[in-house]
Amino acid sequence: MIELAGITKTFQGKQGAIHALKNVSLSVKKGEIYGVIGYSGAGKSTLIRCVNLLEKPDAGSVKVKNVDLTKLSTNNLRKARGDIGMIFQGFNLLKTATVYDNVALPLKLTGLSKKEVEERVDKYLKIVGLEQKHGAYPSELSGGQKQRVAIARALSHEPEILLSDEATSALDPDTTEAILDLLLKINKELGITILLITHEMNVIQRICDRVAVMENGEVIEEGKTKDIFTAPKHSTTRKFVNSLFSHKIPADILANLNETGQVATLSFFGESSGEPALAMVSKKFDIYPNILSGSITQLKNESFGQLVVHFKGEPSDIQKAIKYLENDQVKVEGVNINDANTRVS
Ligand SMILES: Nc1ncnc2c1ncn2[C@@H]1O[C@H](COP(=O)(O)OP(=O)(O)OP(=O)(O)O)[C@@H](O)[C@H]1O
Ligand SMILES: [Mg+2]
């Protein structure tokens, strides 16, 4: 659906050239929710703005539905942009227009009849849950409601792709959850492909099928959300993942851990919960698993759990138990007890 290949963008700043994007390539499939995560200044906004050519790359191709937008005439580019909606952190609403008009005014410019405009505005304000707010002004809305208006405005053009630049960054956690649920609904029910950028790992965790991690204008790691969560490779990716799963074990518990045994992190997906598996190994083998820390997290399509466990027992029995767990689809990673108080992931 979206294919970026070899995108390069350099800005001339006061202090010299800023290489905002260096040979970035990524592809987003139809119907997918694809996330790009990175720290401030990584080049995320520049990248997403290249997708609809709000920013023109110095080199590379931007294919949307197999058409290279960089090669289109102004007129054809305008048409192609009709397939791409966009939402922002700052909502970008017209302050002096009502909710209804914020959605209706841009639609009127597209040449739709009055009736068609009314139908579209009604339909999309209903989808975002604002049918009661037609006459309200932006100043009378909460941040989450403002973002809903912006989403309705983007959807009212019936795009196939929605670009989201930090759409939830200005919102509190509960409102963020509600907006993420709305994005999931739009993706599922309207089949809209979503490319979003964020600096928050919980956004990736909740709704993205795949994710790219950006740093200094480059994609440093890319893959399915599930794989990035279970086996992050790059140190920056690890930092993002650890921002969600940081299993710090209290020092007094660590001090009491028996010298013998092994501490390990167990990761498991979906229905298989770690606890029955642990009960099973303690029954089957001569070991005593002691849970030190744990969490279960909902990813877009499945749940993902992590337990930090101290196995007490003879090394050979522990190895057998670990083999058994691995055969039961549990990923097991050994942890050095001396490191456990600083970071276990
Ligand atoms: N129009 C511009 N002129 C000059 N430099 C720019 C321009 N736009 C972006 N940059 C620079 O390019 C780099 C990447 O910026 P970009 O806005 O893409 O980062 P970002 O990952 O979106 O960051 P944030 O999370 O803070 O929004 C930064 O160093 C920024 O200062
Ligand atoms: Mg940005």
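Position labels on residues start from 1 in each chain and follow its written sequence. All chains are assigned letters beginning with A, and all ligands numbers beginning with 1, in the order in which they are written. Only residues with pLDDT of 70 or above have their local features reported here, since the model is predicted, and side-chain atom pairs are shown and tallied only from 80 upward, although totals for entire chains, interfaces and linings are computed over all residues. Where side-chain values are given, they derive from all heavy atoms of the structure, hydrogens and water being excluded.

As recorded in an unreviewed UniProt entry, the protein goes by Methionine import ATP-binding protein MetN 1 and comes from Siminovitchia fordii.

1. Points about the overall build of the protein
What counts is decided by this rule: Only runs of H or I of at least four residues qualify as helices and only runs of E of at least two qualify as strands under DSSP, and these elements are numbered from the N terminus. Throughout this description, buried means an accessible area under 20% of the type-specific maximum (1.4 Å probe, protein chains only), exposed means over 50%, and partly exposed covers the range between. Note on contacts: a residue pair qualifies if any of its non-hydrogen atoms lie within 4.5 Å across the two residues. The positive count covers Lys and Arg only, the negative count covers Asp and Glu only, and His and the chain ends enter neither. Lysine's charge is taken at NZ, arginine's at CZ, aspartate's at CG and glutamate's at CD.
Each helix and strand in the protein was counted, giving 13 helices and 14 strands. Here the C-alpha coordinates of the protein stretch approximately 75 × 50 × 35 Å along the principal axes. A total of 345 residues make up the protein; the buried ones form 48% of that total. Across the protein, contacts joining residues at least 24 apart in sequence account for 71% of those joining residues at least 6 apart. Looking at charge distribution, the protein has the averaged site of its 43 positive side-chain charges lying 6 Å from that of its 41 negative ones.

2. Re the packing of aromatic side chains
In this description, a pair of aromatic rings is defined by centroid distance and the angle of the planes. Put simply, the test is: Each aromatic pair joins two rings of Phe, Tyr and Trp (for Trp, the six-membered one) with centres within 6.5 Å, and gets the label stacked for planes under 30 degrees apart, edge-to-face for over 60, and tilted for any other angle.
Scanning the entire structure with this criterion turns up three aromatic pairs. A centroid spacing of 5.8 Å and a plane angle of 65° characterise the contact between Phe285 and Tyr324, whose relative ring orientation is edge-to-face. In this pair, Phe285 sits in the loop between α11 (274–284) and β12 (287–298) while Tyr324 sits in helix α12 (residues 315–327), placing the two residues 39 residues apart along the sequence.

3. Let's talk about the site of ligand 1
This is how the line gets drawn: Any residue with a non-hydrogen atom lying within 4 Å of a molecule or strand is treated as near it. Pairing of N or O atoms within 3.5 Å defines a polar contact, subject to two protein rules: one partner must be a possible hydrogen donor and the other a possible acceptor, and residues neighboring in sequence count only if both atoms are side-chain atoms. We get accessible surface area from the Shrake-Rupley algorithm with a probe of 1.4 Å; when it comes to residues, only the shown protein chains can shield them. Classification used: nonpolar for Ala, Val, Leu, Ile, Met, Phe, Trp, Tyr, Cys and Pro, charged for Asp, Glu, Lys and Arg, polar for all others including Gly.
Close to ligand 1 lie Phe11, Ile18, Ala20, Tyr39, Ser40, Gly41, Ala42, Gly43, Lys44, Ser45 and Thr46. Between ligand 1 and the protein, one listed contact pairs an oxygen atom with a backbone N or O atom of Ser45 at 2.9 Å. When ligand 1 sits alone it has 630 Å² of accessible area, and the protein chains cover 60% of it. The set of elements that each furnish at least two residues to the shell around ligand 1 consists of β2 (16–28) and α1 (44–51). Here the shell around ligand 1 gets three residues from one element, more than from any other, and that element is α1. Its residues assigned to classes, the shell around ligand 1 comprises five nonpolar, five polar and one charged.

4. With respect to the pairing of β12
Applied cut-off: When DSSP locates at least two bridges between a pair of strands, those strands are taken to pair.
Here β12 runs beside strand β13 (residues 303–313); their pairing, made up of eleven bridges, is antiparallel. Paired with Ile287 across the strands is Gly313, a residue of β13. Hairpin connection between β12 and β13: a loop of four residues separates the two successive antiparallel strands.

5. Quick look at α12
Rule in force here: Here a helix's expected span is defined as the number of its residues, less one, multiplied by 1.5 Å. Arc definition: it is the arc formed by the directions from the helix axis to the C-beta atoms.
Helix length check: α12 (13 residues) gives 18 Å between terminal C-alpha atoms against 18 Å at 1.5 Å per residue, within 8%. Within α12, the full set of buried residues consists of Asp317, Ile318, Ala321, Ile322 and Leu325. Buried residues in α12, looked at end-on, bunch into an arc of 135°, giving them a common side. Seen from the open side of α12, the exposed residues pointing more than 90 degrees away from its buried face are Lys323 and Asn327.

6. Describing the environment of Leu69
Position of Leu69 relative to the elements: it lies in the loop between β5 (67–68) and α2 (74–81). Residue Leu69 is classed as buried on the basis of its relative accessible area of 2%. Sequence separation between Leu69 and Asn102 is 33 residues, and the spatial gap between their C-alpha atoms is 28 Å. Non-local contacts of Leu69, meaning those with residues more than four positions away in its chain, are made with Val51, Leu53, Val62, Val64, Leu77, Ala80 and Ile84.

7. Observations regarding the state of the cysteines
The following threshold applies: The disulfide definition used here is simple: a pair of cysteine sulfur atoms within 2.5 Å.
Following the criterion strictly, the structure yields zero disulfides and no others. Its sulfur unpaired, Cys50 is 20 Å from the next cysteine sulfur, which belongs to Cys208.

8. Focus: the side chain of Thr193
In this structure, Thr193 sits in strand β8 (residues 193–198). Using a relative accessible area of 0% as the deciding quantity, one classes Thr193 as buried. In this structure the side chain of Thr193 is engaged in a polar contact, spanning 2.9 Å, whose partner is the backbone nitrogen of Gly31.

9. Quick look at the packing of helix α3 (residues 99–108) against helix α4 (residues 114–127)
Filter applied, for reference: Fitted lines through C-alpha atoms serve as axes, helices being fitted only where they are in contact, and the angles separating the N-to-C directions of these axes extend from 0 to 180 degrees. We call two directions roughly parallel when the angle between them is under 35 degrees, roughly antiparallel when it is over 145, roughly perpendicular when it lies between 65 and 115, and oblique otherwise. When the near helix sits turned anticlockwise from the far one by under a right angle, the crossing is termed left-handed; a clockwise turn instead gives a right-handed crossing.
Following both chains from N to C, one finds α3 and α4 inclined at 135°, their axes separated by 10 Å at the closest point. The orientation of α3 with respect to α4, classified from their angle, is oblique. Along this stretch, α3 crosses α4, giving a crossing that reads as right-handed. Judged by residue contacts, Val99, Tyr100, Val103, Ala104, Leu107 and Lys108 of α3 engage Val117, Glu118, Arg120, Val121, Asp122 and Leu125 from α4. Taken together, the residues of the contact of α3 with α4 break down into eight nonpolar, no polar and four charged.

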